[in-house]
Amino acid sequence: MAPVLPFGFSNIPPMDRNLSMPLRTGNHSFQVWAAYQKVTAAICLGTLLMILHHLGVIAAQLDPPAGYSALGYLNNLDVPQYLTWILATKTSIFAPNFHAPWITEPALFQPLMLLVARMPFQSLFSYYALHLVMYWLASFSLIEAGIVFCASPRQLRLAIVILLCETPLKMIVWAVGTLISPALAGAFSDGALDFSYYSADGLFRGGQSNSMTLTFGTAAMLAGFTLVAKYLTDPKPWILAGLLIVCSGSALIHPYEIFVLAPGAIISFLLYRKWGQAALVALASALGMAPHFFFLLRSKWLLDNSEGIHGTVNTLAWAPAVYGFPFLVLIGLMALRFSMPSASDRVLQIWFFATLLVPFIPGAPFTFHLFDGFAYCLAFLLARVASTDRQLRLLWEQRPVLAKGLAWGLVTVPVASVAVFLIQLASDGRAAEPKYFLSSVVKTKDVQLVEWVGHNLPAGKLILSPTAIAPWITAKGKHALASHDVMSITYIDQQKQVQSFYSGQPVFDSIAGQYGVSYVVVPSGSPAQLPANRLRRMALLDGYEVLEVEGGGMKPYPGLVQLQPDFHYGGAKMAVLSKVRTAYHWLGLL
């Protein structure tokens, strides 16, 4: 049956019925690997990529500078957040918000961190072990996707080359600048952050955002769209069942990528009049999301916290700037010839445009996560388009020297910039004062302070400390002011208050009264002004004094409406959730 053809797809040929059959390129058939070969390749690839992304962490472990200790992970806000959740869920399924300076009920549900918490090993070891498994899973999904979306070994090799070329344009300039001009490197260093942080997907892209949730999200996106393409070619029940499991699991474990995966799968099925399958995908995705909406309805702090989750792709120029020349070439080739010969090609096109368009829908969640897996979609789609383009084929045949020179240049320059990035990643990882990226070392006296706080101060009390230390205090199961840019809910206000206090301004009484501070960490020589009659020394450590505040005690979370009188729930999602939550509580009173 030919597909229904909305959206101007008037010249699309009928769907390939035997796309999964071996296709021939010259004298070579496209051979599908055996299961053990794919598993072996996935383990090798995933392990290599995890090592590369953690070069800074490894370098810090091998050779930390004098007076510093290796952390064992990146010194960012994500890792202490995960460690906090892991600690909180060792005895409970749900976690309270230790990053908030108020009393909050256990309401946060994160299945991956819960799984780590229940492993019978030390938390950091368990975290890295599960993250490595996620790398293997994502690598296996990538290999499967390459076999499904590429029709020949030549196309697969081309896709790999394209993937290696997908570096931000600014990152190439930054890499050159590190070799010839520090000023130039500094001006374009955000290009390296685009590659390693903002577009990090936990597989090929990363280094500054090494999160297992990202790796899982990329694995889910690759597996989901691969199963859609497989089912359209060979509609077996087990393939559809696998897709439904991926959709529900993706929505439950990391509820971001599903906002691209579900619409992409549904549109693909509707294009071929598979109404029932589209409905099942919608139902599976909704079931996976249901627990999160339920928890949002029950918990005021969780609802308010989700309002603060930003990170938005708000310009069409972001994708070409971050994914480089391959993105621009693909747009140009598809503008010349949009129609493609197979169902899997159309799935790639839908995936490509859904990723670009969904972030602009009002209420779309943390839109950087919607690009997890996009680099591979781009590589596969460009490989398919380029390998069947007549003009490119003529250029390759008639001007082989020119064509090969351009190809080598387009590959060598981006790959060299990634190599420069990896070298700098390792260098900054062990540096006390890194040049461009996050360090993986911390002052030994800070480690001693955090360990002392973890062992000697009671839970359920609020600690006022420098903002650089606060995240690690929460990882010990304590509450700290201004400890996370999202989970603290009013982080910017808290950060300003903390900075004012440690700069010597007389704001302690205001902070202590507003939040109910019980303990204060004061660095040696700090100009912070403290009321001597209300404080009792708990400990004098290397570089720090820990003081107890008389009459301190945390207060219940009041809600953003009380904290910020001009606050209103923004975005379609938040407005609807707010109204539904109000109705939910009214029903609870009846």
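Let me sum up the structure you'll find in this document. None of these values were measured; they are calculated from a predicted model.

Let's shift gears to the overall build of the chain. Broken down by element type, the chain carries 26 helices and 9 strands. Looking at the chain as a whole, 52% of its 590 residues qualify as buried. Looking at the chain alone, contacts between residues at least 24 apart form 72% of all its contacts between residues at least 6 apart. For the chain, the accessible surface area stands at approximately 26100 Å², while carbon and sulfur atoms represent 66% of it.

It is worth spelling out the nonpolar core at this point. Side chains of nonpolar character tend, in soluble globular proteins, to be buried together. Of all hydrophobic cores here, the largest spans 148 residues; its most connected members are F149, Y323, W351, F352, F380, L464 and V520. The biggest single contributor to this core is helix α10 (residues 212–233), with 13 residues. For W351, the contacting residues outside a window of four places in its chain are F149, M221, L222, F225, V260, G373 and C377. Formed by 11 residues, the second largest nonpolar core is a distinct cluster that contains M171, F195, L422 and L425.

Taken as a whole, this structure holds 2 cavities of 30 Å³ or more when the rule is applied. What the largest cavity holds in volume is close to 70 Å³. Taken together, H54, V57, Y73, L74, N76, D78, V79, Y127, Y128, S209 and N210 make up the full set of residues lining the largest cavity.

Taken together, the side chains of L169, F325, L328, V329, L406 and L410 define a hydrophobic patch exposed on the protein surface, amounting to about 520 Å² of accessible area. Of all the elements in the fold, those that place two or more residues in the nonpolar patch are α16 (325–336) and α20 (400–429). Of all the elements, α16 adds the most residues to the nonpolar patch, at 3 residues. Its location among the elements puts L406 in helix α20.

With respect to the helices and strands, the residue Q564 is situated in the loop between α25 (560–563) and α26 (571–589). Contact partners of Q564, with chain neighbours within four places excluded, come to T490 and D493.

This paragraph deals with the packing of helix α5 (residues 123–149) against helix α18 (residues 374–387). One way to put it is that α5 packs onto α18 with a least axis distance of 11 Å and a crossing angle of 20°. Between α5 and α18, the angle is such that the two are roughly parallel. The two elements α5 and α18 meet at a crossing, and its hand is right-handed. Note on element contacts: α18 touches α5 through Y376, F380 and R384, opposite L142, A145, G146 and F149.

Analysis parameters
- Residues numbered from 1 in each chain as written.
- Predicted model: local features only at pLDDT ≥ 70, side-chain atom pairs only at ≥ 80, totals over all residues.
- Heavy atoms only, no water.
- Helix = DSSP H or I, 4+ residues; strand = E, 2+ residues; numbered from the N terminus.
- Buried < 20%, exposed > 50% of the residue type's maximum accessible area, 1.4 Å probe, protein only.
- Contact = heavy atoms within 4.5 Å.
- Areas by Shrake-Rupley, 256 points an atom, 1.4 Å probe, with all protein chains shown as cover.
- Core = buried A, V, L, I, M, F, W, Y, C linked by side-chain atoms within 4.5 Å.
- 1 Å grid on protein atoms, 1.4 Å probe; cavity = no way out; pocket = protein on both sides within 12 Å on 5 of 7 lines; lining within 4 Å.
- Points joined across faces, edges and corners; volume = space filled by probe spheres on them.
- Patch = residues over 30% accessible without salt bridge, like charges linked within 9 Å, V, L, I, M, F, W, Y side chains within 5 Å.
- Salt bridge = Lys/Arg side-chain N within 4 Å of Asp/Glu carboxyl O.
- Axes fitted to C-alpha atoms, helices over the stretch in contact; angles between N-to-C directions.
- Parallel < 35°, antiparallel > 145°, perpendicular 65-115°, else oblique.
- Left-handed = near helix turned anticlockwise from the far one by under 90°.

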